[in-house]
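Fold and contact review
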Amino acid sequence: MKKKIYKVGNIPVILWGEKSDCAYICVHGKHSNKEEAQGFAEKAVSKGFQALSFDLPEHGERKDEDYPCMAWNAVHDLGVIGKYARQNWSSLCLFGSSLGAYFSLLAYQNFPLKKSLLLSPVLDMEHLIQKMMKRFGVSEKELEERREIPTPMGETLYWDYYCYARENPIGKWEAPTEILYGSKDNLTARDVAENFSKRFHCGLTVLEGSEHWFHEEWQLAFLNGWLDKHIGTV
């Protein structure tokens, strides 16, 4: 499969596939990178699309940058990628995973997407942060006073991030959307996924017994079938 590696501004990207008028923007999750879009890209390219993947802040080639992976930085970068994509393709779709899906929902509320596919999306960041605070016995007042609090699970709670999430809920999403969700997802509660899907008229497929990260053979087989069904054709 043809691929081109370059930068859009200062953002490292990979463009997968032969020239097409239609492309998927691929937004990876935490601890991932642009290269891991290859499996999805192969499917999209086989159906006539190109795929554009890129490294989020603090990921891939950007791990050593002094530019943290906070929502506002990610939204800015998705805006840069989105502007570039609109200049180069007439039809655009989205494939977003986990945290990348959340960033996409923030950044692309007014973006002309033909279709959106979301894998294990984080749909309510305020709720997720509150759940982490409760788990580790951190009060809102304590977080406000300390500004940031490391947790035993390796994640850090940030007051600024919490405020941003609270002040920027997903209030609009009009792109035709399909969601694949694991019934044991520990980041997004099932009722959150179901309510989001109803509110924004999304298709919701629940894989019973699966957790947030789709990585076991049976999960990947299901994911591949779901993608084959929903990627579409040019």
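Note that this is a predicted model, so its numbers are computed, not measured. (Residues numbered from 1 in each chain as written. Predicted model: local features only at pLDDT ≥ 70, side-chain atom pairs only at ≥ 80, totals over all residues. Heavy atoms only, no water.)

Considering the packing of helix α3 (residues 98-107) against helix α6 (residues 159-167)
- Packing of α3 against α6 leaves a shortest axis separation of 12 Å and a crossing angle of 55 degrees. Between α3 and α6, the interaxial angle falls into the category oblique. Between α3 and α6 lies a crossing of left-handed hand. Mapping the contact onto sequence places Leu-99, Tyr-102, Phe-103 and Leu-106 in α3 and Tyr-161, Tyr-164 and Ala-165 in α6.
- By residue class, the composition of the contact of α3 with α6 is seven nonpolar, no polar and no charged. (Axes fitted to C-alpha atoms, helices over the stretch in contact; angles between N-to-C directions. Helix = DSSP H or I, 4+ residues; strand = E, 2+ residues; numbered from the N terminus. Parallel < 35°, antiparallel > 145°, perpendicular 65-115°, else oblique. Left-handed = near helix turned anticlockwise from the far one by under 90°. Contact = heavy atoms within 4.5 Å. Nonpolar A, V, L, I, M, F, W, Y, C, P; charged D, E, K, R; others polar.)

Thoughts on helix α2 (residues 71-88)
- Helix length check: α2 (18 residues) gives 26 Å between terminal C-alpha atoms against 26 Å at 1.5 Å per residue, within 8%.
- Of all the positions in α2, only Ala-71, Asn-73, Ala-74, Asp-77, Leu-78, Ile-81, Gly-82, Tyr-84 and Ala-85 are classed as buried. (Expected span 1.5 Å × (residues − 1). Buried < 20%, exposed > 50% of the residue type's maximum accessible area, 1.4 Å probe, protein only.)

With respect to unusual backbone geometry
- Of note in this structure, Ser-120 is not a glycine but carries a positive phi near 45 degrees.
- Among the secondary structure elements, Ser-120 is positioned in the loop between β6 (115-119) and α4 (125-135).
- Residues other than glycine seldom take positive phi values, yet Arg-147 does so here, at roughly 75 degrees.
- Structurally, the position occupied by Arg-147 is in the loop between α5 (140-146) and β7 (148-150).

Focus on the side chain of Ser-116
- Structurally, the position occupied by Ser-116 is in strand β6.
- If near-sequence neighbours (up to four positions away) are discounted, Ser-116 is found in contact with Leu-94, Trp-173, Ala-175, Pro-176, Thr-177 and Glu-178.

Details of the nonpolar core
- Counting residues in hydrophobic clusters, the biggest one holds 60 residues, and the most contacted among them are Phe-54, Ile-81, Tyr-102, Phe-103, Tyr-108, Met-125 and Tyr-161.
- Listed in part, the 22 residues of the second largest apolar core include Trp-16, Tyr-24, Phe-40 and Phe-214. (Core = buried A, V, L, I, M, F, W, Y, C linked by side-chain atoms within 4.5 Å.)

Some points on the sheet that holds strand β1 (residues 3-8)
- Spatially, eight strands are ordered β1-β2-β4-β3-β5-β6-β9-β10 in an open sheet, and the strand pairing comes out mixed. Looking at the sheet topology across the chains shown, the edges are occupied by β1 and β10 (203-207). Recorded for the sheet is a direction-independent mean angle of 20 degrees between the axes of neighbouring strands.
- Where α3 meets the sheet, its contacts fall on β3 (22-27), β5 (91-97) and β6, and the angle it forms with β5 comes to roughly 135 degrees. (Pairing = 2+ DSSP bridges.)

Here's the deal with helix α8 (residues 217-230)
- Between its first and last C-alpha, α8 extends 20 Å over 14 residues, near the 20 Å set by a 1.5 Å rise per residue.
- Within α8, burial applies to Gln-219, Leu-223, Trp-226, Leu-227 and His-230. When α8 is viewed along its axis, its buried side chains cluster within an angular range of 100 degrees and face the same direction. More than 90 degrees from the buried face of α8, the exposed residues found are Glu-217 and Lys-229.
- Taken from the residues just after α8, Gly-232 is the one with a positive phi, measuring 90 degrees. (Arc of directions from axis to C-beta.)

A few points about the pattern of salt bridges
- The tally for this structure, following the rule as stated, stands at 13 salt bridges.
- Residue Arg-62 pairs with Asp-77 through a salt bridge whose shortest N-O separation is 2.8 Å. Placement of the pair is Arg-62 in the loop between β4 (50-54) and α2 and Asp-77 in helix α2, with a sequence separation of 15 residues. An identical accessibility class is assigned to Arg-62 and Asp-77; each is buried.
- For Arg-147, the salt bridge goes to Asp-160, with nearest N and O atoms at 3.0 Å. (Salt bridge = Lys/Arg side-chain N within 4 Å of Asp/Glu carboxyl O.)

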